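Geometric and topological summary
Each chain is listed here by its residues.
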Amino acid sequence: RVQAPDKRQRQRPGRQRRAGAASQALHIMNAQVIQLEDGWNKLKTGGVLKIEEILEDASGGVYKHRISTDEYSQLYTTVYTMCTQKPPNNWSEPLYNNYCEAVIDYLTARILPRIKEKHDEAMLRELVRRWENHKTIIRFLSHVFKYLDRFYVKRLSLPELAEVGSQKFLEIVFNAVKREVRTAILELVRRERECEQVDKQLIKSVIDIFVEMGGSRASLETYATDFEEMLLSTTADYYSRESAKWAGNDSFPEYMRKAEDRLKQEQDRVANYLHSSTEEKLLKVCEEQLLQNPEQQLLEKEHSGCEKLLLDNKTEDLSRMFRLFSRIPTGLPPIANIVRKHITDVGLALVKKQSVNAEGDLMPYVQELLDIHDKYTELVGSGPEKGCFQGHNIFHKAMKEAFEVFVNKDIGKSATAELLSNFCDNLLKKSGERLSDEALEDKLEKVVRLFGYLSDKDIFAEFYKKQLAKRLLLARSSSDDAERSMIAKLKLRCGAQFTSKLEGMVTDMNLSQDIQSAFAEHVKDKELELDTDLTVQVLTTGFWPTYKSDELNLPKEMLQCIETFKAFYDLRTSHRRLRWVHSLGSATVVGKFTPSGKSKEHDLLVSTYQACILLLFNEADSMTFSDIQGHLNLPAEELKRYVLSLCVGKYKILTKDPAGKEVAPTDKITYNAAFSDRARRIKVPMIAAKITQEEKDATRATVDEDRKHAIEAAIVRIMKTRKSLDHQKLVLEASTQLMRHFKPDPKQIKKRIEDLIHREYLERDPSNPNLYKYLA
């Protein structure tokens, strides 16, 4: 076996070379055994006491005396020799014990009395100086006694010499004066909070001692227990008093400015002299006292609280309020409640004001709703640094809930869903508001956001469908792109099912153009002669609103065209049937007049019904109202409106005797040969596109019918998946599914369930009448 060399022999070559020059001196000394008392006296006098005296005499960091390199080498060599002598002359253990006792004596006799005799700032300065000196002494002695550390201490797992020095300072000095030190520091902190000038570097130095007392493991236990806890407690007391004083004397905005300033000061305080781990805890205490505890009192301040800030639109103060109260966990919900109530009150006041004038033009009311929405959308914001509340979810939710309250209030007999649809119609038709493409797109986007708050979206859809139909069929739409854009926005918000009919209507119009082109080709190829040019729009019944059929007797000029188109269409498809809707048709009629005996022609743009009335006067110059009705076979009430539009309106192409807006069967209607106008082309006003009360009622009836089908479809879908379900859960699930389009009435759902049971889609469980089962 090869024996491992002794540790002292296993040295690096470089070390051997450096040691070579001194080897002779070492051998000489090794030959002479150093006794414990002699060696320790030498170490104590030349090392421990001397370094103490040097540091004691030092002034302003300048040392009057120093320990030379030779002196240091002799001290180190003495320790080395005393520790490497063979037993019984190996003095490692006594040396270690003597070192510990020397440190204890030095701290007890020299350091502690000097600190205790001083007070307040002077005591703090003395503590800092003595601690710095102590660290220097321990650092020097640790080098001198290094051999002890490297072998004896390590072998017996004893505390290292530097650690012993720090530990003894903690036990003897620090623990004896920590209460007075802490009190002095906290007094300096208080004075700084009161805007006095203090020595921040001194405070930082003392705080560092508290941290360093944690030892080599960098534990903050001493700092936390002996200083931080009391700092947090006194801070809480201080700001509790400040908060009560400010809350009583200052307005809410002024209070917030002071609180924000103080929180910034506390943050700076941590950066200047406290340990970084204190920041979160210190700010939390400040926030509790300045914000959390008095929050309700501050928000409800009579002339300057949150409600007042919202009323006066104080955006800077509202932004500060959000910044401050978002710091505390319970800070935002009370503010959100006030915001919700405020927006609701503003909206309900607008509804109340408008309800007084429910019969007037309601479009300004919709614009005011959009303006309110713009205002509070900007206030809530859309993200960080945008808006007073930086787009925080709790405020979006508060705003949504507030708008849902008043947007769903009816104005007179008009629901907001209907008004929004009318507003869109006004934007999208040619005769409506003139806007640039960008402005129109922006306004439509805002309308759709408002639409999102409606609980009866299906009512909007039904009105919108009817108005879209009129815009498309009467060529009143200002832009196809805008129509498609609006439908796309609704689709994005409510799904494809919601807009499928609207998309189908737009598609029908494009297909109609193709059919019209094919018809023109057909007429040309077959060399057919038509008395009148004909344009037909072929619509799919399922997409469009339901229009009343009539038994109109068409003039022969029109009849020929219609028969020709029907023959053409039957050739293209055998499984579709045409049903003519004349109420939506239009025509251009050439009228020949003789004003002042001179012949004059006008191109009259009229509806199909108006054209039929005018063509009758090719046969006779005058006839009674009942004659006209007999020829055309139209209901009297409807015919009256069309006759009046030609007699009483802006363009009096016919005259009525007796004059007036009432029409009797015996009234005489006469062709007005003297009619004249500066324009060659005249658009005679047709039936007002405005929705009548009768149409409104019909629309609501359609919606109610559609809802029945939607509720039944939802119930069947759910039951098909679940097979069996109790009444409450079925109603809840059905309501959740339908909520996207309308707010279903639980009674209505119950009725539909009963109807489905009657029609044998579902059955009740024999043992539990509240449980339904699906019948396949």
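Refer to the structure printed above.
Below you will find a few notes about this structure.

Criteria and cut-off values
Residues numbered from 1 in each chain as written. Predicted model: local features only at pLDDT ≥ 70, side-chain atom pairs only at ≥ 80, totals over all residues. Heavy atoms only, no water. Phe/Tyr/Trp six-rings, centres within 6.5 Å; stacked < 30°, edge-to-face > 60°. Helix = DSSP H or I, 4+ residues; strand = E, 2+ residues; numbered from the N terminus. Buried < 20%, exposed > 50% of the residue type's maximum accessible area, 1.4 Å probe, protein only. Pairing = 2+ DSSP bridges. Axes fitted to C-alpha atoms, helices over the stretch in contact; angles between N-to-C directions. Contact = heavy atoms within 4.5 Å. Parallel < 35°, antiparallel > 145°, perpendicular 65-115°, else oblique. Left-handed = near helix turned anticlockwise from the far one by under 90°. Nonpolar A, V, L, I, M, F, W, Y, C, P; charged D, E, K, R; others polar. 1 Å grid on protein atoms, 1.4 Å probe; cavity = no way out; pocket = protein on both sides within 12 Å on 5 of 7 lines; lining within 4 Å. Points joined across faces, edges and corners; volume = space filled by probe spheres on them. Patch = residues over 30% accessible without salt bridge, like charges linked within 9 Å, V, L, I, M, F, W, Y side chains within 5 Å. Areas by Shrake-Rupley, 256 points an atom, 1.4 Å probe, with all protein chains shown as cover. Salt bridge = Lys/Arg side-chain N within 4 Å of Asp/Glu carboxyl O. Lys, Arg positive; Asp, Glu negative; His and termini not counted. Charge placed at Lys NZ, Arg CZ, Asp CG, Glu CD. Disulfide = S-S within 2.5 Å. Core = buried A, V, L, I, M, F, W, Y, C linked by side-chain atoms within 4.5 Å.

1. Considerations on the packing of aromatic side chains
- With the rule as written, the count across this model stands at 26 aromatic pairs.
- Ring geometry for phenylalanine 403 versus phenylalanine 406: centroids 4.9 Å apart, planes at 45 degrees, classification tilted. Here phenylalanine 403 pairs with phenylalanine 406, and both are found in helix H18 (residues 393-407), just three residues apart, close to one helical turn.
- Classification of phenylalanine 406 as buried rests on a relative accessible area of 0%.
- For the ring pair phenylalanine 451 and phenylalanine 498, a centre distance of 5.8 Å and an interplane angle of 50 degrees mean the geometry is tilted. Placement of phenylalanine 451 in helix H20 (residues 437-451) and of phenylalanine 498 in helix H23 (residues 496-525) is noted, with a sequence separation of 47 residues between them.
- Residue class for phenylalanine 451 comes out buried when judged on its relative accessible area of 0%.

2. A closer look at the sheet that holds strand S4 (residues 654-657)
- Strands sit in the order S3-S5-S4 across an open sheet of three strands; the sheet is antiparallel. Only two strands of the sheet have a single partner each, and these edge strands are strand S3 (622-624) and S4. Taking the axes of each pair of neighbouring strands and ignoring which way they run, one obtains an average angle of 25 degrees across the sheet.
- Bridge count between S4 and strand S5 (residues 668-671): four bridges; the pairing is antiparallel. Each residue of the ladder has a partner; that of aspartate 657, found in S5, is lysine 668.
- Against the sheet, helix H27 (residues 636-647) contacts S4 and S5, and its axis sits at roughly 110 degrees relative to S4.

3. Remarks on the pairing of strand S9 (residues 771-774)
- What you see with S9 is a clean split: Tyr772 and Tyr774 sit on the buried side and Leu771 and Lys773 on the side with no burial.
- Pairing analysis gives three bridges linking strand S7 (residues 724-726) to S9, with the strands arranged antiparallel. Directly across from leucine 725, in S9, lies its bridge partner tyrosine 772.
- Looking at chain direction, strand S8 (residues 762-764) and S9 are connected through three bridges and run antiparallel. Residue pairing for S9: arginine 764 is matched across the bridge by tyrosine 772.
- Count of turn residues in the S8/S9 antiparallel hairpin: six residues.

4. As for the side chain of arginine 269
- Mapped onto the elements of the fold, arginine 269 is located in helix H11 (residues 252-272).
- Not counting the four nearest positions on each side in its chain, arginine 269 is found in contact with Val189, Glu192, Arg193, Tyr239 and Leu274.

5. Description of the packing of helix H10 (residues 221-249) against H11
- In contact at an axis separation of 10 Å, H10 and H11 are set at 160 degrees when each is read in the N-to-C sense. It follows that H10 is roughly antiparallel to H11 by the angle criterion. As H10 packs across H11, the resulting crossing turns out to be right-handed. Every residue of H11 that contacts H10 at Tyr238, Tyr239, Glu242, Ser243, Trp246 and Ala247 is listed here: Tyr255, Lys258, Ala259, Arg262, Glu266 and Arg269.
- For the contact of H10 with H11, the class distribution of residues is six nonpolar, one polar and five charged.

6. What to know about empty space enclosed by the protein
- A complete count under the given rule lists two cavities of 30 Å³ or more for this structure.
- One number sums up the size of the second largest cavity: a volume of about 40 Å³.
- What lines the second largest cavity is Val48, Glu52, Ala102, Val103, Tyr106, His134, Ile137, Ile138 and Leu141.
- Contributing elements (two or more residues each) for the lining of the second largest cavity: helix H3 (36-57), helix H5 (92-116) and helix H6 (120-144).
- In terms of residue count, the dominant contributor to the lining of the second largest cavity is H6 (four residues).
- Each residue belonging to the lining of the second largest cavity can be placed in one class, and the counts come to seven nonpolar, one polar and one charged.

7. Re a negative patch on the surface
- Taken together, the side chains of Glu521, Asp525, Glu527, Glu529 and Asp531 present a region of like negative charge at the surface.
- A relative accessible area of 57% places aspartate 525 in the exposed class.

8. Some thoughts on the pattern of salt bridges
- For the structure shown, the criterion picks out 60 salt bridges.
- Here arginine 269 ties to glutamate 266 by a salt bridge, and the two come within 2.4 Å at their closest N and O atoms. Here arginine 269 and its partner glutamate 266 are both found in helix H11, three residues apart, which amounts to about one turn of the helix.
- With a relative accessible area of 0%, glutamate 266 lands in the buried category.
- For glutamate 637, the salt bridge goes to lysine 640, with nearest N and O atoms at 3.4 Å. With glutamate 637 and lysine 640 both in helix H27 and three residues apart, the pair spans about one turn of that helix.

9. Description of the pairing of S5
- As judged from the three bridges shared by S3 and S5, these two strands associate in the antiparallel manner. Looking at the pairing, serine 622 lines up with threonine 670 of S5.

10. Concerning the state of the cysteines
- Taken as a whole and judged by the stated rule, the model has zero disulfides.
- A disulfide-free cysteine, cysteine 306 has its sulfur positioned 10 Å from the sulfur of cysteine 388, the nearest such atom.

11. Digging into the packing of helix H21 (residues 457-473) against H23
- At a closest axis distance of 10 Å, the pairing of H21 and H23 adopts a crossing angle of 5 degrees. Of the possible angle classes, the one that applies to H21 and H23 is roughly parallel. Here H21 contributes Lys457, Asp458, Ala461, Tyr464, Lys465, Leu468, Ala469, Leu472 and Leu473 to the contact with H23, which in turn contributes Phe498, Lys501, Leu502, Met505, Val506 and Met509.
- Of the residues assigned to the contact of H21 with H23, the class counts are eleven nonpolar, no polar and four charged.

12. Quick word on the environment of glutamate 228
- Among the secondary structure elements, glutamate 228 is positioned in helix H10.
- For the pair glutamate 228 and threonine 278, spaced 50 residues apart in the sequence, the C-alpha separation amounts to 7.3 Å.
- Those residues in contact with glutamate 228 that lie beyond four places of it in its chain are Tyr223, Ser277, Thr278 and Lys281.

13. Focus: the sheet that holds S9
- With respect to topology, three strands assemble into an open sheet ordered S7-S9-S8, the strand pairing being antiparallel. With one partner strand each, in any of the chains shown, S7 and S8 form the two edges of the open sheet. With direction set aside, neighbouring strand axes in the sheet form an average angle of 30 degrees.
- Sheet strands touched by helix H29 (residues 727-738): S7 and S9. Its angle to S7, the strand with the most contacts, is close to 95 degrees.
- Relative to the sheet, helix H30 (residues 746-758) contacts S8 and S9, its axis offset from that of S8 by approximately 100 degrees.

14. Thoughts on the nonpolar core
- Residues Phe145, Ile185, Met321, Phe325, Phe389, Phe460 and Met486 are the most contacted members of the largest nonpolar core, which totals 162 residues.
- At 14 residues, the largest contribution of residues to this core is made by helix H8 (residues 161-193).
- Aside from chain neighbours lying at most four places away, what touches methionine 486 is Cys424, Leu428, Leu444, Val447, Val448, Phe460 and Tyr464.
- Among the nonpolar cores identified, the runner-up in size contains 36 residues, and Leu614, Leu615, Leu634 and Phe675 belong to it.

15. Examining unusual backbone geometry
- Here the residue pair proline 87 and proline 88 is connected by a cis peptide bond, since its omega of 10 degrees sits within 30 degrees of zero.
- For proline 88, the location among the structural elements is in the loop between helix H4 (69-84) and H5.
- Going from aspartate 657 to proline 658, the amide bond is cis rather than trans, its omega being 0 degrees.
- Mapped onto the secondary structure, proline 658 falls in the loop between S4 and S5.
- One non-glycine residue, glutamate 527, adopts positive backbone phi at about 55 degrees.
- With respect to the helices, strands and loops of the structure, glutamate 527 is situated in the loop between H23 and helix H24 (556-572).

These figures capture arrangement, not role.
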